[in-house]
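Reading the structure
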Amino acid sequence: MRKIRKIKKTPQRTCVGCREAKPKKALIRIVRTPEKNIIVDPTGKANGRGAYICPKKECLEAAVKSKRLSRSLEVEIGPGDLKIIEDELEAIIEKESSGEHI
Ligand SMILES: [Zn+2]
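Calculation rules
Residues numbered from 1 in each chain as written. Predicted model: local features only at pLDDT ≥ 70, side-chain atom pairs only at ≥ 80, totals over all residues. Heavy atoms only, no water. Donors = N, O, S within 2.8 Å, 3.2 Å for Na, K, Ca; no water. Tetrahedral: all angles 85-135°; square planar, octahedral: opposite > 155°, others 65-115°. Buried < 20%, exposed > 50% of the residue type's maximum accessible area, 1.4 Å probe, protein only. Helix = DSSP H or I, 4+ residues; strand = E, 2+ residues; numbered from the N terminus. Expected span 1.5 Å × (residues − 1). Arc of directions from axis to C-beta. Contact = heavy atoms within 4.5 Å.

A short note on the coordination of the zinc ion
Here the zinc ion is held by C15 (SG), C18 (SG), C54 (SG) and C59 (SG), and the distances to it run 2.2 to 2.3 Å. For the zinc ion, the four donor atoms in the first shell make angles of 102 to 113 degrees at the metal, a pattern classed as tetrahedral. Judged by its relative accessible area of 2%, C54 falls in the buried class.

Concerning helix α3 (residues 79-97)
For α3, built from 19 residues, the straight-helix expectation of 27 Å at 1.5 Å per residue is met to within 8% by its first-to-last C-alpha distance of 26 Å. Those residues of α3 lying buried are I85, L89 and I92. Buried residues along α3 cover an arc of 60 degrees about the axis, so they all sit on one side. For α3, exposure combined with an orientation more than 90 degrees from the buried face picks out P79, E94 and S97. At its buried positions, α3 is contacted by β3 (28-32), β4 (38-41), α1 (57-65) and α2 (68-73).

Topic: α1
What α1 keeps buried is the set C59, L60 and A63. End-on, the buried residues of α1 take up no more than an arc of 100 degrees, which puts them together on one face. Seen from the open side of α1, the exposed residues pointing more than 90 degrees away from its buried face are E58 and K65. For α1, the secondary structure elements touched by its buried residues are β5 (49-53), α2 and α3.

As for unusual backbone geometry
If you check the backbone angles, K67 has positive phi at about 65 degrees while not being a glycine. With respect to the secondary-structure elements, K67 resides in the loop between α1 and α2. A positive phi angle is found at E74, which is not glycine, with a value near 55 degrees. The residue E74 is located in the loop between α2 and α3 in this model. We classify E74 as exposed; its relative accessible area is 53%.

Right, dumping it as structure tokens:
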């Protein structure tokens, strides 16, 4: 049986990698800031254009290969940007697997 929460609507976002809709909290937000930097935004509060992705390397790869990530951020993802996202994603995956919450 599922617990009924006070807030009925869980905001759902679609992963740019696997295209599955998931609760916002289960996804990682990647943001293109107004300064045109690409950052991983664990707080979900950074300014800029955002895209959501599962904390999985497979999804990041799919998102980049399909160009859905660059399309949703409206920016070219260079190898440097990709490296930053990869590193951040890895750190988040590691944290989550160690049971820590962000
Ligand atoms: Zn995904």
